[in-house]
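Residues per chain, in single letters:
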Amino acid sequence: MEESKVTVREKLCFGLGDVTGNGLYTLLSSYLLFFCTDVLKIGLAATTIIMFAGRAADAVLSPVMGILLDYLKLKNGKCLPLLRLFMIPCGIWLWLLFSPPAFLSEHLLVWYMAVVFIAYSIHFAVINIAYSTLISVLTRNVHERLVLNVFKNLGANLGGFLVTASTLRLVSLLGEDQRSGFSRTVLVFAILFVFCGLCNAWNQKERVADHAKRERIKIRESIGIAIKNKGWVILCIVQFCA
């Protein structure tokens, strides 16, 4: 049976999905280190531990999620149920990450930031892998996938631009100091990104069902193949250290 075409609304909403994805990535990569060291006054060694904890959680969970997603069969699809389920909690963890209680001691503050960053990283990894896989289940048509990627890139650029262009301005505008300013600014971004993400999750239709029996590659074999790819290994190291 011939697949129905991907509608303009679906393409626009697919672009909104990467407003969320790249917006979240840009916000964390650009401002979390600054927030920890300059706003919270956490020492560099402790900040390194916090950053490593979140990166490690993401590095471990992302490939695991990729494997699980390959086997996952839910009633309402493969990717969309995960996006709908994890989007709001991800926004909450994001806000909590930039809103630590003022009464915490320095020691407890480090623990708070590390635990919340790990929780956020887990939710973001699920969303990121599900969204990256979504295009493969929306359509088999190569042209439609190319068009979807155009909207995805436009959304990614818009999300990154919104964060870089407005974050510090909003911090100054919304807060009495940087700490309260970041909390309120990130709350605004969390609401915006959750809204964009849910617009994508609730306005798509998974058309490609994986009914065919495929030969499954064992995890050990997958890891072996990946390690032999030097370019991929270098990219992973750069992404992990960025």
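Cut-offs and rules
- Residues numbered from 1 in each chain as written.
- Predicted model: local features only at pLDDT ≥ 70, side-chain atom pairs only at ≥ 80, totals over all residues.
- Heavy atoms only, no water.
- Phe/Tyr/Trp six-rings, centres within 6.5 Å; stacked < 30°, edge-to-face > 60°.
- Helix = DSSP H or I, 4+ residues; strand = E, 2+ residues; numbered from the N terminus.
- Buried < 20%, exposed > 50% of the residue type's maximum accessible area, 1.4 Å probe, protein only.
- Lys NZ or Arg CZ within 6 Å of the ring centre and 35° of its normal.
- Polar contact = N/O pair within 3.5 Å; in protein donor to acceptor, adjacent residues only side chain to side chain.
- Contact = heavy atoms within 4.5 Å.
- Expected span 1.5 Å × (residues − 1).
- Bend = angle between axes of the 7 residues up to and from the residue.
- Salt bridge = Lys/Arg side-chain N within 4 Å of Asp/Glu carboxyl O.
- Disulfide = S-S within 2.5 Å.
- Patch = residues over 30% accessible without salt bridge, like charges linked within 9 Å, V, L, I, M, F, W, Y side chains within 5 Å.
- Areas by Shrake-Rupley, 256 points an atom, 1.4 Å probe, with all protein chains shown as cover.
- pLDDT = per-residue confidence, 0-100.

## Quick word on the packing of aromatic side chains
Step number 1: Counted according to the given criterion, the structure contains 8 aromatic pairs.
Step number 2: Ring geometry for Phe98 against Phe182: centres 6.1 Å apart, planes inclined by 15 degrees, an arrangement best described as stacked. Of this pair, Phe98 sits in the loop between α3 (80-97) and α4 (106-138) while Phe182 sits in helix α6 (residues 178-201); the two residues are 84 residues apart in sequence, bridging distant segments of the chain.
Step number 3: Relative accessible area serves as the criterion here: at 0%, Phe182 is assigned to the buried category.
Step number 4: By way of ring pairs, the aromatic residues Tyr31, Phe34, Phe35, Phe98 and Phe182 are connected into one cluster.
Step number 5: Here the basic side chain of Arg84 rests over the ring of Trp202, its NZ or CZ set 4.2 Å away from the ring centre.

## Comments concerning the side chain of Glu10
Step number 1: Structurally, Glu10 can be placed in helix α1 (residues 8-39).
Step number 2: Polar contacts involving the side chain of Glu10 include one to the side chain of Arg207, which spans 2.7 Å.
Step number 3: For Glu10, the residues in contact, after removing those within four places along its chain, are Lys5, Asn203, Gln204, Lys205 and Arg207.

## Considerations on α1
Step number 1: Taking 1.5 Å as the rise per residue, α1 with 32 residues should run 46 Å; its terminal C-alpha atoms sit 43 Å apart, in good agreement.
Step number 2: The principal kink in α1, of about 40 degrees, is found at Tyr31.
Step number 3: Immediately beyond the C-terminal end of α1, within one or two residues, lies Lys41, with a positive phi of roughly 60 degrees.

## Details of the environment of Asn157
Step number 1: Looking at the element boundaries, Asn157 is found in helix α5 (residues 142-174).
Step number 2: Residue classification places Asn157 among the exposed residues on the basis of a relative accessible area of 56%.

## Some words on the pattern of salt bridges
Step number 1: Tallying each qualifying case throughout the model produces 4 salt bridges.
Step number 2: The residue Glu176 makes a salt bridge to Arg184 at a minimum N-O spacing of 3.2 Å.
Step number 3: Note on Glu176: relative accessible area 65%, which makes it exposed.

## Notes on the side chain of Glu144
Step number 1: Inspection of the secondary structure puts Glu144 in helix α5.
Step number 2: Ignoring any residue separated from it by four or fewer positions in sequence, one finds Glu144 in contact with Lys5, Val6, Lys11 and Thr139.

## Considerations on unusual backbone geometry
Step number 1: Despite not being glycine, Lys41 shows a phi value in the positive range, around 60 degrees.
Step number 2: Among the secondary structure elements, Lys41 is positioned in the loop between α1 and α2 (44-71).

## Digging into the state of the cysteines
Step number 1: Under the definition given, this model contains 0 disulfides.
Step number 2: In this structure Cys196 is a free cysteine whose sulfur lies 6.3 Å from that of Cys199, the closest cysteine sulfur available.
Step number 3: Judged by its relative accessible area of 6%, Cys196 is buried.
Step number 4: For the unlinked cysteine Cys199, the closest cysteine sulfur is that of Cys13, found at 5.6 Å.

## Things to note about a nonpolar patch on the surface
Step number 1: A contiguous nonpolar surface patch, about 260 Å² in accessible area, is contributed by Val60, Val64 and Leu68.
Step number 2: For Val60, the position within the fold is in helix α2.
Step number 3: For Val60, a relative accessible area of 55% puts it in the exposed group.

## Description of the confidence of the model for the chain
Step number 1: Summary statistics for the chain give a mean pLDDT of 88 and a share of 90% for residues scoring 70 or more.
Step number 2: Across the chain, the secondary-structure element scoring lowest on mean pLDDT is helix α7 (residues 219-228), at 69, and the one scoring highest is α6, at 96.

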